[in-house]
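An overview of the molecular structure
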Amino acid sequence: TKVTVDLEPNRATHRVLITATVKTRGQTGVEMEALTAASTAALTVYDMMKAIDKGLTITSIQLEEKRGGKSGNWRRSTL
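Residues numbered from 1 in each chain as written. Predicted model: local features only at pLDDT ≥ 70, side-chain atom pairs only at ≥ 80, totals over all residues. Heavy atoms only, no water.

Re the pattern of salt bridges
- Taken as a whole and assessed by the stated rule, the structure comprises four salt bridges.
- With a shortest N-O distance of 3.2 Å, Arg67 and Glu65 are connected by a salt bridge.
- Arg67 sits in the exposed class, given a relative accessible area of 69%.
- Note that Glu65 and Arg75 form a salt bridge whose closest N and O atoms lie 3.5 Å from each other. (Salt bridge = Lys/Arg side-chain N within 4 Å of Asp/Glu carboxyl O. Buried < 20%, exposed > 50% of the residue type's maximum accessible area, 1.4 Å probe, protein only.)

Given below as structure tokens:
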């Protein structure tokens, strides 16, 4: 139903935080769509920045939270 991808650059650490949010009215989970959106955004940032630094690293593509669906709610532990 809806996909948003937000990029938050941090000049001090030379990093970009990418957050993908996916919402649907269906009963299926959309975790893979959110992970794909975040991965595609990260690859796009890499493609744009590789002229400056080919040694860029993409890290920590992970699910942070999900609500609803067959398996219910889930949130990544902060431990």
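A word on the environment of Met32
- Inspection of the secondary structure assignment puts Met32 in helix α1 (residues 31-49).
- Looking at Met32, the relative accessible area reads 57%, which means it is exposed.
- Spatially, the C-alpha atoms of Met32 and Leu63 are 9.1 Å apart, while their sequence positions differ by 31 residues. (Helix = DSSP H or I, 4+ residues; strand = E, 2+ residues; numbered from the N terminus.)

Describing α1
- Taking 1.5 Å as the rise per residue, α1 with 19 residues should run 27 Å; its terminal C-alpha atoms sit 27 Å apart, in good agreement.
- Listed as buried for α1 are Ala34, Ala37, Ala38, Ala41, Ala42 and Val45. Around the axis of α1, the buried residues are gathered within 130 degrees of arc, so they sit on the same side. Exposed residues on α1 whose side chains face more than 90 degrees from its buried face are Met32 and Leu43. (Expected span 1.5 Å × (residues − 1). Arc of directions from axis to C-beta.)

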